[in-house]
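Structural features, examined
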Amino acid sequence: MDSKEQSLIHPWKDEIFQIFKAGGVSQVAYVPDAGHAQVINQVWADKDMAAIPVTTEEDGVASVCGAWLGGQRAVLLMQSSGVGNCVNMFSIINNCRFPFLTIVTMRGEWAEFNQWQTPMGRATEEAFQMMGINVLRADRPETVGEVVSAGFDAAFEGGDAVAILLSQSLIGRKKWGVK
Amino acid sequence: MKSSSSQYGEIDRRVFVKKLIAACPEALIVTGLGSPSYDVYAAGDRDQNFYLWGAMGGASAMALGLAIAQPNKSVLVITGDGEQLMGLGSLASIGAQQIKNLTIVVLDNGHYAETGMQKSHTSLGTDLVGVAKACSLDWSMHVKEMSGIDAIAEHVNAKNGSGLANVFIKAEEYPKALPARDGVYIKNRFRAALGLEPF
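Residues numbered from 1 in each chain as written. Chains lettered and ligands numbered in written order. Predicted model: local features only at pLDDT ≥ 70, side-chain atom pairs only at ≥ 80, totals over all residues.

**A few points about the overall build of chain B**
What counts here: To qualify as a helix, a DSSP run of H or I must reach at least 4 residues; to qualify as a strand, a run of E must reach at least 2; elements of each kind are numbered from the N terminus. Radius of gyration here uses only the C-alpha atoms, and the compact-globule reference equals 2.2 Å multiplied by the residue count raised to the power 0.38. Here a residue counts as buried when 20 or more other C-beta atoms sit within 10 Å of its C-beta, as exposed when there are 12 or fewer, and as partly exposed otherwise, the C-beta atoms being derived from the backbone. It is the C-beta atoms, placed from the backbone, that decide contacts: two residues are in contact if theirs lie within 7 Å.
The number of helices and strands found in chain B is eight helices and 10 strands. The C-alpha atoms of chain B give a radius of gyration of 15 Å, which matches the 16 Å a tight globule of 199 residues would have. A principal-axis box enclosing the C-alpha atoms of chain B has dimensions of 50 × 35 × 30 Å. Every one of the 199 residues in chain B was classed for burial, and the buried ones make up 51%. Restricting to contacts in chain B with at least 6 residues of sequence separation, those with at least 24 account for 76%.

Dropping the structure here:
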């Protein structure tokens, strides 16, 4: 695990994209993260999906709600540091009961070199819960597909608001090139 | 009607919004919180109006998702300078999508009317038309007279690009006209107007 690099291709990332594809996702809003890079590339390459880069994660919250308002399924990809940017915007989900799914790659919890990531990483789960969003977590490669699929159905079949946290250990250590 | 001592624009916001919506009868409208929501409601409630009462900075981003989902409809954001300033980055995201059916109308009085008329950045140097242009929206314009409605409506109805109109309105407060605050109700009736089921 320690030798794993963030840029590696992981089969579980394919599984995430396949769940979006099979579930009829039309829009994927994102602020990039190395852990999401593979899925983001697949979205850009898919003619039936709109890849929507946003400059701050809260815009992604609003845009995926707008997508549902217009009859499309949309998902938000971000890293844990972005969750703090979203907090007030989560009010839309709560007030309007929009189905909501976000997939969050975690920082600040596993061999983190940059401790500036740690405060928000530590607060991520609670920030979602405080705003009424259910949190699921995948820690092992073999459970990612199952967890994402469960969250997807809870959101788009059940109308729930769901955040799926992908543990930093899944993604591996970021290479800083320093000893 | 309470007038502010500072003269900003000349346009009467309520009259402008009512005429604009009359000229774009098919548009799907998303309103920014505060006075723009009141203006749009005062013009006559419509199922195709989505009123934000919070989520400041989110109106344009929400409209982006909606416009992509409904490419055959025209989406019109009616918001204020303060709300758009909080969501400046959404203009970059809209420019990046190069969509053809999204118009943002900023009712710019240079002030935060809802909170006591403190000056906003548009009366302290920011030009939202310049920002929109720099974010590669297809068109952007300053509107200083009521006749600007025609040019805006033409874009909205033609669905030929994304654009932003900065409308210089008088810095004055009107009596509040309050749309429903029940977000679930507003969401479901908006979706029903598009032939979509409630969840």
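On we go.
**Here we look at the overall build of chain A**
On a plain count of helices and strands, chain A comes out with eight helices and six strands. Beginning at the N terminus, the succession of helices and strands in chain A can be written as α-β-α-β-α-β-α-α-β-α-β-α-β-α. In summary, chain A has a C-alpha radius of gyration of 15 Å against a globular reference of 16 Å for 179 residues, a match within 12%. The principal-axis extents of the C-alpha atoms in chain A amount to approximately 50 × 35 × 30 Å. Looking at chain A as a whole, 48% of its 179 residues are labelled buried. Within chain A, contacts between residues separated by at least 24 positions form 75% of all contacts whose residues are at least 6 apart in sequence.

**Some remarks on the pairing of strand 8 (residues 139–143) of chain B**
Residues and elements named next belong to chain B. Rule in force here: Any two strands with at least two DSSP-identified bridges between them are counted as paired. Handedness of a crossover: with both strands directed away from the viewer, a clockwise path from the first strand across the helix to the second marks it as right-handed.
Two elements, strand 8 and strand 9 (residues 161–168), share five bridges in a ladder whose sense is parallel. When the sheet's bridge partners are listed, M141 is paired in strand 9 with A165. With helix 7 (residues 148–158) bridging strand 8 and the parallel strand 9, this β-α-β connection has right-handed handedness.

**Quick word on the environment of W139 of chain B**
Residue and element names in this part refer to chain B. Following the sequence through the fold, W139 ends up in strand 8. Taking the C-alpha atoms as reference, W139 lies 9.0 Å from H155; in sequence the two are 16 residues apart. Beyond its immediate sequence surroundings of up to four residues, W139 is in contact with H155, G161 and G163.

**Focus on the interface of chain B and chain A**
For interface size, the figure often reported is the accessible area lost on association. Formally: When residues are grouped by polarity, Ala, Val, Leu, Ile, Met, Phe, Trp, Tyr, Cys and Pro land in nonpolar, Asp, Glu, Lys and Arg in charged, and all others, Gly among them, in polar.
At the interface, 29 residues of chain B touch 30 residues of chain A. No other element matches the eight residues that helix 3 (residues 59–69) of chain B contributes to the side of chain B that touches chain A. The class makeup of the residues in the side of chain B that touches chain A is 16 nonpolar, 11 polar and two charged.

**With respect to the nonpolar core**
Spelled out, the test is: Nonpolar cores are built from buried Ala, Val, Leu, Ile, Met, Phe, Trp, Tyr and Cys residues. These are joined into a set through C-beta atoms within 7 Å.
Ranked by internal contacts, the top residues of the largest apolar core, which has 114 residues, are V28 and C65 of chain A together with V105 of chain B. A total of nine residues in this core trace back to one element, the largest contributor, which is helix 3 of chain B. Among residues more than four places away in sequence, those in contact with C65 of chain A are I92, I93, C96 and F98 of chain A together with M62 and G65 of chain B.

**Details of the sheet that holds strand 3 (residues 73–79) of chain A**
Residues and elements named next belong to chain A. The condition is simple: To get an axis, fit a line to the C-alpha atoms, keeping to the stretch in contact for a helix; angles then go from 0 to 180 degrees between the N-to-C directions.
Judged by pairing direction, the sheet is parallel, and its six strands sit side by side in the order 2-1-3-4-6-5 without closing on themselves. Taken across any chain shown, the strands that pair with only one partner, and hence form the sheet edges, are strand 2 (50–53) and strand 5 (134–138). Each strand of the sheet is rotated relative to its neighbour by a mean of 20°, with strand direction disregarded. For strand 5 and strand 6 (residues 161–166), the ladder comprises five bridges, and the chain directions are parallel.

**Regarding the packing of helix 1 (residues 11–22) of chain A against helix 2 (residues 37–45) of chain A**
Residue and element names in this part refer to chain A. The condition is simple: An angle below 35 degrees is read as roughly parallel, one above 145 as roughly antiparallel, one from 65 to 115 as roughly perpendicular, and any other as oblique. Should the near helix be turned anticlockwise from the far one by less than a right angle, the crossing is left-handed, and should it be turned clockwise, the crossing is right-handed.
Helix 2 packs onto helix 1 with a crossing angle of 40° between their chain directions and a minimal axis gap of 9 Å. Accordingly, the angle class assigned to the pair helix 1 and helix 2 is oblique. Along this stretch, helix 1 crosses helix 2, giving a crossing that reads as right-handed. Here helix 1 contributes K13, I16 and F17 to the contact with helix 2, which in turn contributes Q38, V39 and Q42. When the residues that make up the contact of helix 1 with helix 2 are grouped by side-chain class, the tally is three nonpolar, two polar and one charged.

**Some remarks on the sheet that holds strand 3 (residues 49–51) of chain B**
Residue and element names in this part refer to chain B. Taking strand neighbours across the sheet as the criterion, the six strands line up as 3-2-4-5-9-8 in an open arrangement whose pairing is parallel. The strands lining the two open edges of the sheet, one partner per strand, are strand 3 and strand 8. Pairwise comparison of adjacent strand axes, ignoring direction, gives a mean angle of 15° for this sheet. Of the strand pairs in this sheet, strand 4 (residues 75–80) and strand 5 (residues 101–108) are connected by six bridges, and their pairing is parallel. Opposite V77, over in strand 5, you have I104 as the bridge partner.

**Examining the packing of helix 1 of chain A against helix 7 (residues 141–156) of chain A**
All names here are of chain A. Two elements in contact, helix 1 and helix 7, have axes separated by 9 Å at closest approach and are oriented at 15°. Classified by the interaxial angle, the pair formed by helix 1 and helix 7 is roughly parallel. For helix 1 against helix 7, the interelement crossing comes out right-handed. Residues W12, E15, I16 and I19 of helix 1 lie in contact with helix 7, whose contacting residues are P141, V144, G145, V148, S149 and F152. Tallied by class, residues from the contact of helix 1 with helix 7 come to seven nonpolar, two polar and one charged.

Purely geometric numbers; function is a separate question.
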